[in-house]
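Next come the chains, spelled out residue by residue.
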Amino acid sequence: MGCLYFLALYALCFFSVLCGNVNSQTCDMRQGSTCVCDMSDGSGTVDLSPISSTSGAAFFSKFKGGVTEYSYNPCTSFTDGKCASDVAVCQADDGGIICGKQSTAAFEFQSAEPLVLTLTYTGGQPDNFMTSNQSQLQQTDRAAVVTLICDFAEHDISFDTEDPPLTYKFILKTKYACAQAAPPPPVSKSKSLSVGTVLLIVAPVAFFVYIVAGILVMHFRYGATGVELLPNLEFWKGLPGLIKAGAIFLFCCGRAQGNYEQL
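Residues numbered from 1 in each chain as written. Predicted model: local features only at pLDDT ≥ 70, side-chain atom pairs only at ≥ 80, totals over all residues. Heavy atoms only, no water.

## Re the overall build of the chain
Here is step 1: Counting secondary structure elements, the chain contains 3 helices and 14 strands.
Here is step 2: Residue burial in the chain is summarised as follows: out of 263 residues, 29% are buried.
Here is step 3: Within the chain, residue pairs in contact and separated by at least 24 positions form 39% of the contacts whose partners lie at least 6 positions apart.
Here is step 4: Summed over all atoms, the accessible surface of the chain reaches about 17600 Å², with 62% contributed by carbon and sulfur. (Helix = DSSP H or I, 4+ residues; strand = E, 2+ residues; numbered from the N terminus. Buried < 20%, exposed > 50% of the residue type's maximum accessible area, 1.4 Å probe, protein only. Contact = heavy atoms within 4.5 Å. Areas by Shrake-Rupley, 256 points an atom, 1.4 Å probe, with all protein chains shown as cover.)

## Some words on the sheet that holds strand β3 (residues 45-47)
Here is step 1: Pairing in this open sheet of 3 strands is antiparallel, and the strands run β1-β2-β3 from one edge to the other. Only two strands of the sheet have a single partner each, and these edge strands are β1 (27-29) and β3. Taking the axes of each pair of neighbouring strands and ignoring which way they run, one obtains an average angle of 25 degrees across the sheet. (Pairing = 2+ DSSP bridges. Axes fitted to C-alpha atoms, helices over the stretch in contact; angles between N-to-C directions.)

## A word on the pattern of salt bridges
Here is step 1: Here the structure, examined in full by the defined rule, presents 4 salt bridges.
Here is step 2: K64 serves as the salt-bridge partner of E69, at 3.9 Å between the closest nitrogen and oxygen.
Here is step 3: You can call K64 exposed: its relative accessible area is 59%.
Here is step 4: We note a salt bridge from D127 to R142, for which the minimum N-O separation is 3.0 Å. One end of the pair, D127, is in strand β10 (residues 126-130); the other, R142, is in the loop between β11 (137-141) and β12 (143-150), with 15 residues separating them in the sequence.
Here is step 5: For D127, a relative accessible area of 30% puts it in the partly exposed group. (Salt bridge = Lys/Arg side-chain N within 4 Å of Asp/Glu carboxyl O.)

## Things to note about helix α3 (residues 233-251)
Here is step 1: For α3, with 19 residues, the first-to-last C-alpha span of 28 Å sits near the 27 Å given by 1.5 Å per residue.
Here is step 2: Along α3, the largest kink reaches about 40 degrees and is centred on L239; proline P240 follows within four residues of it. (Expected span 1.5 Å × (residues − 1). Bend = angle between axes of the 7 residues up to and from the residue.)

## Some points on the state of the cysteines
Here is step 1: A full pass over the atoms with the stated rule returns 4 disulfides.
Here is step 2: Disulfide pairing is shown between C35 and C75; the S-S distance is 1.9 Å. Across the S-S bond of C35 and C75 the torsion is about 100 degrees, and the bridge reads as right-handed. Remark: C75 occurs in the loop between β5 (68-72) and β6 (87-91) and C35 occurs in the loop between β1 and β2 (36-39); sequence separation between them is 40 residues. The two residues C35 and C75 agree in class, both being buried.
Here is step 3: Bridging C150 to C178, the disulfide has an S-S length of 1.8 Å. In this structure, the disulfide formed by C150 and C178 twists by about 95 degrees around the S-S bond and is classed as right-handed. (Disulfide = S-S within 2.5 Å.)

## Re the sheet that holds strand β9 (residues 116-121)
Here is step 1: Pairing is mixed in the open sheet, where 5 strands are placed in the order β8-β9-β12-β14-β13. The open sheet has two edge strands, β8 (106-111) and β13 (156-162), and neither has a second partner. Shown here is a sheet whose adjacent strand axes are inclined to one another by a mean of 25 degrees, direction ignored.
Here is step 2: In terms of strand pairing, β9 meets β12 through 6 bridges, oriented antiparallel. When the bridges of β12 are listed, L119 appears paired with V146.

## Re unusual backbone geometry
Here is step 1: E113 connects to P114 through a cis peptide bond whose omega is -5 degrees.
Here is step 2: Tracing the backbone through its elements, the reader meets P114 in the loop between β8 and β9.
Here is step 3: The omega torsion of the bond from D163 to P164 falls at 0 degrees, within 30 degrees of zero and hence cis.
Here is step 4: For P164, the position within the fold is in the loop between β13 and β14 (167-174).
Here is step 5: Its identity is not glycine, yet L166 carries a phi of approximately 70 degrees, on the positive side.
Here is step 6: Of note, L166 is situated in the loop between β13 and β14.
Here is step 7: A residue is classified by how much of its surface remains accessible, and L166, at 5% relative accessible area, is buried.

## Some details on the environment of T120
Here is step 1: Locating T120 in the fold gives a position in strand β9.
Here is step 2: Given the relative accessible area of 22%, T120 is considered partly exposed.
Here is step 3: Along the sequence, T120 and E108 sit 12 residues apart, while their C-alpha atoms lie 8.1 Å from each other.
Here is step 4: Setting aside its immediate chain neighbours within four residues, T120 contacts T104, A105, A106, A144 and V145.

Structure follows, in structure tokens:
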């Protein structure tokens with residue numbers, strides 16, 4: 001009985017730690033950005049900038065949501081009717097109603113497989129709504145919550161629901177919601193010299209040292225002068241003949257030259 005108790009306790013602690021580690025996962029907003037975050041476990045970066053328009057219009061423009069239309073642009077503000085400053089999500093009603101501001105963007109981790117994040121925008125145009133018990137009107141700012149789902153097959157945004165009132169929820173499936181590992185730093189390829197290049201450099205230097213050192217030895221040790229200063233003089237005198245003999249042997253394929261006495 002005691003063993004079972006400790007086993008159950010161990011299992012409870014294990015799953016508590018495991019769940020705690022999952023829940024502690026975050027995607028931290030990169031400084032100076034409203035659409036790029038880095039996974040806290042180092043698995044990569046979520047970057048929505050490829051699906052952000054910089055032309056002044058929304059990348060996702062006028063998509064249906066219930067009885068109205070919405071426009072959404074990550075990263076940068078856009079203009080759509082009355083929605084004209086710090087805009088992330090705009091509702092088409094009444095010429096344009098801001099549902100969330102770019103400057104309030106906040107990422108929140110939801111799950112890992114597949115990766116699901118939420119990107120919340122607050123500070124939208126305030127409005128009144130009736131409380132759940134229909135007893136009184138209450139004023140609140142509009143907000144927008146975009147659920148980002150890592151999906152390499154789809155690239156689509158859709159309206160989900162308005163819950164609670166004046167909080168508009170959307171689902172965005174795209175490969176840009178997947179954590180992308182940073183590209184490895186470029187490897188600096190040092191241009192190493194080939195063997196042939198090394199020989200072309202070393203050979204002339206070695207020959208020059210050989211000649212200078214030989215002349216000094218021949219002069220100071222043997223008292224040589226003039227052409228006799230050249231080290232190994234006999235070798236250099238015979239070198240042209242050796243080259244000639246080698247060339248003849250090569251071109252004649254080793255056949256002996258000259259006349260032979262007939263028997």
